[in-house]
Amino acid sequence: MKYSKYTFTLLVAILCITAVSAQDRSRSRSNRQGAGSGFSLATRNAARAADSLPPSPDSTRIGIARINAFRLTDKLGDPYIAPMDTDLLNTADHTLMEARSLAGAYTANLGAPFQTRIFSERPEARDFIFADAFDGDILTPTNAYFYDVKVPYTRILYTRAGGSTKREEQFCGIITGNFGRKLNVGADFDYTYSRGQYTSNNNKLLSYRLFGSYRSDRYEAFAHIRNLNFVTNENGGLTDDRYITDPDNFEDGRRGVDSKSFPTRFANTYNRLRSRDFFLTHRYNLGFYRSMTADEADRKRRRDERREKIRRLDAAKEAGKDAGNIDASAADSRSLTPRTLDAPPPEEDDEDPHADEVFVPVASVIHTFELDDYRRRFISKDAGIDTCYTHVYDTTSQHPNDLQTARTLRNTLALSLREGFQRWAQFGLTAYITFENRRFEQAGDTLSGLIQSRERTDEYAAFLGAELSRTQGRALTFRARGEFGLLGNDIGELRIDGHVASRFRLFGREAALRAEGAVRNLRPAFFQCRFHSRYFVWNDDLRNTQRVYIGGAAEWQQTRTRIQAGVENVTNYIYFDTDGRPAQFTGNLQVVTARLRQDFRFRAFGWDNEVVYQVASHDDVLPLPRLALYSNAYVVVRPVRVLTVQLGADVRYFTAYHAPYYEPATQQFRNQRDVRVGNYPLVNAYANFHLRQARFFVMAYNLSRLFAEPRYFSMPHYPLNPMVVKLGVVVTFNN
């Protein structure tokens, strides 16, 4: 398509104006369980986020023919096709803690508490704030996968790093299958056992989930049961950072000091987090059947032909035939095939009376139920741990044994008028009401601040909301949702979120624009206001936080360029101050973020780059690194037809700043002004291999430890792991 110079100028102007951050701002109270699957260029792991501007839910028209993966929107449970971890490249990087963000802080061990350094990526705090540091490990209805598969699907991942006394291991997998066209069931699990490189730094994380879905024209349902048990040993960080920055002072003529012998703040101390989640969303669709158009009938015919080729290919493999003798078009049948979410194609062996018709949904009645339960216990057998804290409120026991619990019961009822059932219905409209019942338990307190018995607090809330959306088509899509606290403890709470997006072809290549905004009046999280433990007690009357955000993003396939930027104004921002207690900044806090991702390809060579610049108006309230970047240079070769080899090295870097300190007694990241962290290039060298359905790798982690100045701290007193060799394998079975 040819563009006039005026059209091109207009497009460039729009590109510049709307290049404001497209970070998914969906931080509703019911979505505090973790990051959703909105647009984020920070998470380069394909298993966690899309690698490009995603369309709005329901607008996706492309899925893998044999395996489709879905995620659900918050509260309403609308399914949309989500990306799976099928990349041939960068397998090793996807297994690192650093892959969760362009720049992140954690306590130097696999499965450790984690906080992103990019402010626009930080989700809204849960009421149960102790689970926030494990957002990347906790599966929720909005970040977990549901499946629709034509053949049984299994995926196994195993990674290993370090020697026997310091070994880090992760073993996770998924198995799922369909029973007929409509019913899918499956299970996934994740087990991490990391002994750690430092004293009292081992973690053991176990989570598993049973899930299923039923999808027909009239009725749809998604459900899961999830359980987890996370145990993290705490050491409070090193007592002397010179063991990292100046190790020669401690070697005493020996070859070196083992990292397991570095003195730490305390030992024999751990946090245990347990959680269960029961979830069900289902809907009944009201609508009618109509005859297929000529184009729809032609697509169905081609789809049936490709399905027949897949069946023949599978039969040939089972019979032991050489797959190379099969017609090449059979192999191509595994490519992407058009399909819609509203009308999944029937299997060929189904006796469907509506096989030659299309179901058109007019309206839907929706119900979503969720019950989640969290328990957190802080225990220590270190005789000297009391000396590490200013106050000791609990005088009834010799050692700390803090217990906090939270339970939330949530029901959402919705009525939706569907988009596209008639030509004049160019958008969908949904109204819903949500009821929440919450119960919190913790140690009680007296007027003098001493711990006494147990305290139980019950809360309830009712929210009234509506959503207006246009998700079909490419030229213009939008979604706007508003929600208001109608009754109960959250009365007056307000959330208004919206975005508008467009996809088009610019000089023959795909381009996309997206702009979005949010206005919110948020009640503080429960444990930010009220918390009782052995070392910390507070009962604060915090004000509601007001947030105003505007942002957007732009992407052009021709140059492999993606840009985004955004600005947010926060009033009454809540943070944890240097004393470890929550504080509130009553003024206006502005945060500006700009982001650029630029990838280059030339034959076998690749170079991927991403950089973020961010600035906060008050560094003492919200410390952030001004600059964070990631760069990955590699070469891809195929020594034989079925083997792909990627050899390369990557580097992560952020500028020095007063990074927050992780406080084990509250599991929060609190401000500090004594130590600056940063200005260290974290270099990893790797070799990734892809052989048929298996991917495996070897990586030298923190290779820069050998030549850079030893300042490899993730947070104050928490160093990164020293150089270590990491191995891993991913095997997929889909037959």
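None of the values given here were measured: they were computed from a predicted structure.

J.: How would you summarise the packing of aromatic side chains if you had to cite specific residues and measurements?
T.: Counted according to the given criterion, the structure contains 36 aromatic pairs. Aromatic side chains Tyr-243 and Phe-262 sit 5.0 Å apart centroid to centroid with 40° between the ring planes, which places their arrangement in the tilted category. Highlighted residues: Tyr-243 in helix α3 (residues 242-245) and Phe-262 in the loop between α3 and β12 (269-291), separated in sequence by 19 residues. Of the two residues examined, Tyr-243 and Phe-262, each falls in the buried class. Consider the rings of Tyr-680 and Tyr-712, whose centres lie 5.9 Å apart with planes at 50°: the pair is tilted.

J.: Describe in detail unusual backbone geometry, supporting the description with residues and values.
T.: Only a minority of non-glycine residues have a phi that is not negative, and only a minority of peptide bonds are not trans. Located in the positive-phi region is Phe-507, a residue other than glycine, with phi close to 55°. On the secondary structure map, Phe-507 appears in the loop between β19 (494-506) and β20 (509-522). Positive phi, normally seen in glycine, also occurs at Asn-679, with a value near 60°. Along the chain, the position of Asn-679 falls in the loop between β30 (668-670) and β31 (682-691).

J.: Describe the environment of Leu-273, and please don't skip the residues or the numbers.
T.: With respect to the secondary-structure elements, Leu-273 resides in strand β12. We classify Leu-273 as buried; its relative accessible area is 2%. It is 7.5 Å that separates the C-alpha atoms of Leu-273 and Ala-131, two residues lying 142 residues apart in sequence. Contacts of Leu-273, omitting those with residues within four sequence positions, involve Phe-128, Ala-131, Phe-134, Ile-138, Leu-228, Asn-229, Phe-230, Tyr-374, Arg-375 and Arg-376.

J.: So, the sheet that holds strand β2 (residues 67-72): which residues are in play, and what are the values?
T.: Taking strand neighbours across the sheet as the criterion, the three strands line up as β3-β2-β6 in an open arrangement whose pairing is antiparallel. The sheet is open, and its two borders are formed by β3 (79-81) and β6 (146-149), each paired with just one other strand. Sheet twist, expressed as the mean angle between neighbouring strand axes with direction ignored, is 35°. Relative to β3, β2 is paired through three bridges, and the arrangement is antiparallel. Considered in β3, the bridge of Arg-71 is made with Tyr-80.

J.: I'd like a rundown of the pairing of strand β15 (residues 401-417), residues and numbers included.
T.: Pairing of strand β14 (residues 357-380) with β15 involves 17 bridges; the strand directions are antiparallel. Its bridge partner lying in β15, Phe-378 is registered against Asp-402.

J.: Break down the nonpolar core for me, citing the residues and quoting the values.
T.: Core analysis: the largest hydrophobic core is formed by 37 residues, its most contacted members being Tyr-106, Ile-244 and Tyr-701. Every element with two or more residues in this core is listed here: α3, β27 (627-640), β31 and β32 (694-701). For Tyr-701, the residues in contact, after removing those within four places along its chain, are Leu-96, Glu-98, Tyr-106, Leu-682, Val-683, Asn-684, Leu-720, Asn-721, Pro-722, Met-723 and Val-724. Counting residues in each nonpolar core, the second largest holds 33 residues, with Phe-130, Phe-230, Tyr-389 and Phe-536 among its members.

J.: I'd like a rundown of the pairing of β20, residues and numbers included.
T.: Along any regular strand, the residues point their side chains to alternate faces of the sheet. Of all 14 residues in β20, 10 are buried, a share of seventy percent or more. When β19 meets β20, the two strands line up antiparallel, connected through 13 bridges. Paired with Val-500 across the strands is Ala-515, a residue of β20. Strand direction decides the pairing type here: β20 and strand β23 (residues 545-556), joined by 12 bridges, are antiparallel. Residue Glu-516 lies in a different strand from β23, and its bridge partner there is Gly-551.

J.: Describe the side chain of Gln-404, with residues and values.
T.: Position of Gln-404 among the secondary structure elements: in strand β15. For Gln-404, a relative accessible area of 0% puts it in the buried group. Reaching out from Gln-404, the side chain makes a polar contact with the backbone oxygen of His-532 at a distance of 3.5 Å. Those residues within four positions of Gln-404 in sequence are excluded, and the remaining contacts are Phe-128, Phe-130, Tyr-374, Arg-375, Arg-376, Glu-441, Gln-442, Phe-527, Phe-531, His-532 and Ser-533.

Analysis parameters
Residues numbered from 1 in each chain as written. Predicted model: local features only at pLDDT ≥ 70, side-chain atom pairs only at ≥ 80, totals over all residues. Heavy atoms only, no water. Phe/Tyr/Trp six-rings, centres within 6.5 Å; stacked < 30°, edge-to-face > 60°. Helix = DSSP H or I, 4+ residues; strand = E, 2+ residues; numbered from the N terminus. Buried < 20%, exposed > 50% of the residue type's maximum accessible area, 1.4 Å probe, protein only. Contact = heavy atoms within 4.5 Å. Pairing = 2+ DSSP bridges. Axes fitted to C-alpha atoms, helices over the stretch in contact; angles between N-to-C directions. Core = buried A, V, L, I, M, F, W, Y, C linked by side-chain atoms within 4.5 Å. Polar contact = N/O pair within 3.5 Å; in protein donor to acceptor, adjacent residues only side chain to side chain.

That is the geometry; function is a separate question.
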